[in-house]
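# Summary of the model geometry
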Amino acid sequence: MKPCLLRSVRQAAVLLPLLLPVVGYARTAEPTKPNLVVFLVDDMGVMDTSLPFLTDEAGKPKRYPLNDFYRTPNMERLAERGIRFNNFCAMSVCSPTRITLLTGQNAARHRTTNWINPDSDNRGPKGPPDWNWKGLTRRSVTLPRLLQGCGYRTIHVGKAHLGPRAFEGADPLNLGFDVNVGGCSIGAPGSYYGRNNYGASGKKTSHAVPNFEAYHGTDTFLTEALTIEAKRLLDETVKTGRPFFLYLAHYAVHAPFNSDPRFAEHYKDSGKSKPAQAYATLIEGMDKSLGDILDHLDALGVAENTLIFFLGDNGSDAPLGEPHAVACAAPLRGKKGAHYEGGMRVPFIAAWARPNPANPFQKRLPIAAGAVQPQLASVCDLFPTLLALAGANAPESHAVDGARLDKLLAGARDDSREESFLMHYPHAPHRSDYFTAYRLGEWKVIYHYFPSPASENSHYQLYHLAKDPSEQRNLASSEPERLRELMKGLIAGLDRCGAVYPVGDDGTSPQKPRLPDPVNGLSSVD
């Protein structure tokens, strides 16, 4: 695009919100369905924000040093309008979470239990041969396809990573999205810099972000380009009067840790390393995008009718400390890919973009403002919650592992929910290899299929998270009955999902979890 034309496009993007009240965005009839926005951040953990999610003994938000390092004023703004969850879990790597979000199925059921390498099967040396490397297909039951069927315009902007390059899942248009900008098989951009053509030039052309040729050669950071495109597509959709489902899945804050020059000055005196400073700029750029979307929904006059779910797809990948240390997610232990809470605890905020208790949609799904929800929930729960609000139904043959969040969003406790979460990773290599974690209330067990020093040379680790949030005291030996109880739940959850398992040295024999000995709490190999 010629420089003069590009300037005109930019000017139009700036002026358009000011002109909307004049150029006919008023709707002639009241909307019959709410708008839905899923704002998904790659590799963002629960501590990568100035907004405190963790709480003290009285249930009040508690600040930690990392909350004072990051700057996310728009997350704070969104949380004031809605509710944040401090025990919200996702899978410990990205593709499993993304497919769970779009299907409502635990990764143990849909079997995409590892991140998807775009070009080769990455099950690992002893990974299950029958895991789902190919991801989603045209036949998959997905949230956008079901919403599409009841009148929504379904918009995908950003990272997809739902299938390998040569298969159907690589293209969101095959999965129920009407529009796709930027989504393909890759899990990380070749570059965040427009000057580097977002990876289309240089050494990582296989990781070039598609559909952004108009921004090539400019100073537009990728996060900003994605936001501009999302706003453009919202403009188009609101003109039609149709409800929309916007799935805005940022590549940020995944590596490469390219510093966003708009925010670098904020961190230069932090005392943190250059990569950690760059990571913080990616966080702040993502947060600016959130604020821009909130402002644009206001300008379009649709904020009251728009629900926003904000979340990360796995634990933090901040370049701070070792993978199993209390460091990048402190006071939580571990990071992305690890079996500790820092690998699977993510931020989740739910809010109406502009709260109004009199709004009919908000009456149907009231959300407590400025509240913190301590009850355990997970990414599996978004699918049934959004479908119910939209008036859509999944086929009876489609198993759903999540449960609706309605009561929790209202700030209440829901005693009908089973407070458990199953996280299955039968692969290697990563920060942790070949493990399954299972949370039941305040307790957590991790089963290691092949004991190693990282697992204290045992199959089992058991933690009481309320008393030991940093997972420092392994209670597997001292709490044999509790260990056995949780292992029964872990095994039952895997069986219920029809999980696949790591294999033995013969390459075929599935290595299923072993129930610990009832006498001393440990199996015979420990």
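Heads up: these notes are all about the structure in this document. (Residues numbered from 1 in each chain as written. Predicted model: local features only at pLDDT ≥ 70, side-chain atom pairs only at ≥ 80, totals over all residues. Heavy atoms only, no water.)

## What to know about helix α13 (residues 480-497)
- With 18 residues, α13 should cover 26 Å at 1.5 Å per step; its first-to-last C-alpha distance of 26 Å lies within 8% of that length.
- Turning to α13, its buried residues number three or more, namely L483, L486, M487, G489, L490, I491, G493, L494 and C497.
- Its buried side turned inward, α13 meets α5 (107-110), β11 (420-425), β12 (435-440), β13 (443-448) and β14 (460-464).
- Trailing α13 by a residue or two, G498 shows a phi angle of about 65 degrees, which is positive. (Helix = DSSP H or I, 4+ residues; strand = E, 2+ residues; numbered from the N terminus. Expected span 1.5 Å × (residues − 1). Buried < 20%, exposed > 50% of the residue type's maximum accessible area, 1.4 Å probe, protein only. Contact = heavy atoms within 4.5 Å.)

## Some points on unusual backbone geometry
- Here the bond from A252 into V253 is cis, since omega is 15 degrees, no more than 30 degrees from zero.
- Cis geometry marks the peptide bond from A330 to P331, where omega comes out at 15 degrees.
- Structurally, the position occupied by P331 is in the loop between β7 (306-312) and α9 (341-344).
- A positive phi angle, near 65 degrees, is found at D43, a position not held by glycine.
- By the element assignment, D43 lies in the loop between β1 (35-41) and α2 (65-69).
- In this model, N211 sits at a positive phi of 80 degrees, which is unusual for a non-glycine residue.
- Along the chain, N211 falls in the loop between β5 (179-181) and α7 (222-240).
- Judged by its relative accessible area of 40%, N211 falls in the partly exposed class.

## Describing the packing of aromatic side chains
- For the coordinates displayed, the defined rule picks out 22 aromatic pairs.
- A centroid spacing of 5.8 Å and a plane angle of 35 degrees characterise the contact between Y425 and F435, whose relative ring orientation is tilted. Separated by 10 residues along the polypeptide, Y425 in strand β11 and F435 in strand β12 bring together distant segments of the chain. F435 shares its class with Y425; the two are buried.
- One cation-aromatic arrangement involves K126 over F450; the distance from NZ or CZ to the ring centre is 4.6 Å.
- Positioned above the aromatic ring of F69 is the side chain of K272, whose terminal nitrogen or guanidinium carbon lies 4.6 Å from the ring centre. (Phe/Tyr/Trp six-rings, centres within 6.5 Å; stacked < 30°, edge-to-face > 60°. Lys NZ or Arg CZ within 6 Å of the ring centre and 35° of its normal.)

## Observations regarding helix α11 (residues 382-390)
- Extensive coverage of α11 is indicated by the burial of eight of its nine residues.
- Among the residues of α11, L382, F383, P384, T385, L386, L387, L389 and A390 are the ones counted as buried.
- Count one or two residues on from α11 and you reach G391, which has phi positive near 75 degrees.

## Examining the environment of V37
- Tracing the chain through its elements places V37 in strand β1.
- Residue classification places V37 among the buried residues on the basis of a relative accessible area of 3%.
- When the C-alpha atoms of V37 and I155 are compared, they prove to be 9.5 Å apart, with 118 residues separating the residues in sequence.
- Ignoring anything within four residues of it in the chain, the contact list for V37 reads F244, L246, T306, L307, I308 and F309.

## A look at the pattern of salt bridges
- In total, this model carries 33 salt bridges according to the counting rule given.
- With its nearest N and O atoms 2.6 Å apart, the salt bridge here joins K159 to D42. Highlighted residues: K159 in the loop between β4 (153-158) and β5 and D42 in the loop between β1 and α2, separated in sequence by 117 residues.
- D42 sits in the buried class, given a relative accessible area of 0%. (Salt bridge = Lys/Arg side-chain N within 4 Å of Asp/Glu carboxyl O.)

## As for the sheet that holds β5
- If you walk across this open sheet you meet the eight strands as β5-β4-β6-β1-β7-β8-β2-β9, and the pairing is mixed. Each edge of the open sheet is held by one strand with a lone partner, namely β5 and β9 (371-373). Shown here is a sheet whose adjacent strand axes are inclined to one another by a mean of 15 degrees, direction ignored.
- Taken together, the six bridges between β4 and strand β6 (residues 244-250) define a ladder with parallel strand orientation. (Pairing = 2+ DSSP bridges. Axes fitted to C-alpha atoms, helices over the stretch in contact; angles between N-to-C directions.)

## Re the sheet that holds β12
- Ordered by their spatial adjacency, four strands build an open sheet running β11-β12-β13-β14, and the pairing between neighbours is antiparallel. Each of the sheet's edge strands pairs with one partner strand only, and the pair in question is β11 and β14. Across the sheet, the mean angle from the axis of one strand to that of its neighbour is 10 degrees, orientation sign disregarded.
- Running at roughly 65 degrees to β13, α13 makes contact with β11, β12, β13 and β14 of the sheet.

## Here we look at the nonpolar core
- The biggest cluster of nonpolar side chains holds 66 residues, and the ones touching the most others in it are Y70, M75, F244, L246, L297 and F310.
- Element by element, the count of residues in this core is highest for helix α8 (residues 274-300), at 11 residues.
- Among residues more than four places away in sequence, those in contact with F244 are N35, L36, V37, Y152, R153, I155, L234, T237, V238, L297, V302 and T306.
- Core analysis: the second largest hydrophobic core is formed by 50 residues, L36, W133, V346 and F348 among them. (Core = buried A, V, L, I, M, F, W, Y, C linked by side-chain atoms within 4.5 Å.)

## Brief notes about the packing of helix α3 (residues 73-81) against α8
- Put simply, α3 and α8 touch, their axes get as near as 7 Å, and they point 45 degrees apart. Classified by the angle between their axes, α3 and α8 sit oblique to one another. Only M286, D287, K288, L290, G291, L294 and D295 of α8 make contact with α3, whose side of the interface consists of P73, N74, M75, R77, L78 and R81.
- Residues belonging to the contact of α3 with α8 are distributed by class as follows: six nonpolar, two polar and five charged. (Parallel < 35°, antiparallel > 145°, perpendicular 65-115°, else oblique. Nonpolar A, V, L, I, M, F, W, Y, C, P; charged D, E, K, R; others polar.)

## Brief notes about the environment of E442
- Among the structural elements, E442 can be located in the loop between β12 and β13.
- Residues E442 and Q375, 67 residues apart in the sequence, show an inter-C-alpha distance of 9.9 Å.
- Of note is the side chain of E442, whose polar atom sits 3.4 Å from the side chain of H464. (Polar contact = N/O pair within 3.5 Å; in protein donor to acceptor, adjacent residues only side chain to side chain.)

## Some points on the packing of α7 against α8
- Two elements in contact, α7 and α8, have axes whose closest approach is 10 Å; the angle formed by their N-to-C orientations is 15 degrees. By the criterion of interaxial angle, the relationship of α7 to α8 is roughly parallel. Crossing of α7 against α8: the hand is right-handed. Here T223, E224, T227, A230, K231, L234, D235 and V238 of α7 come into contact with α8, specifically with G285, M286, K288, S289, D292, I293, H296, L297 and L300.
- Broken down by class, the residue content of the contact of α7 with α8 amounts to seven nonpolar, five polar and five charged. (Left-handed = near helix turned anticlockwise from the far one by under 90°.)

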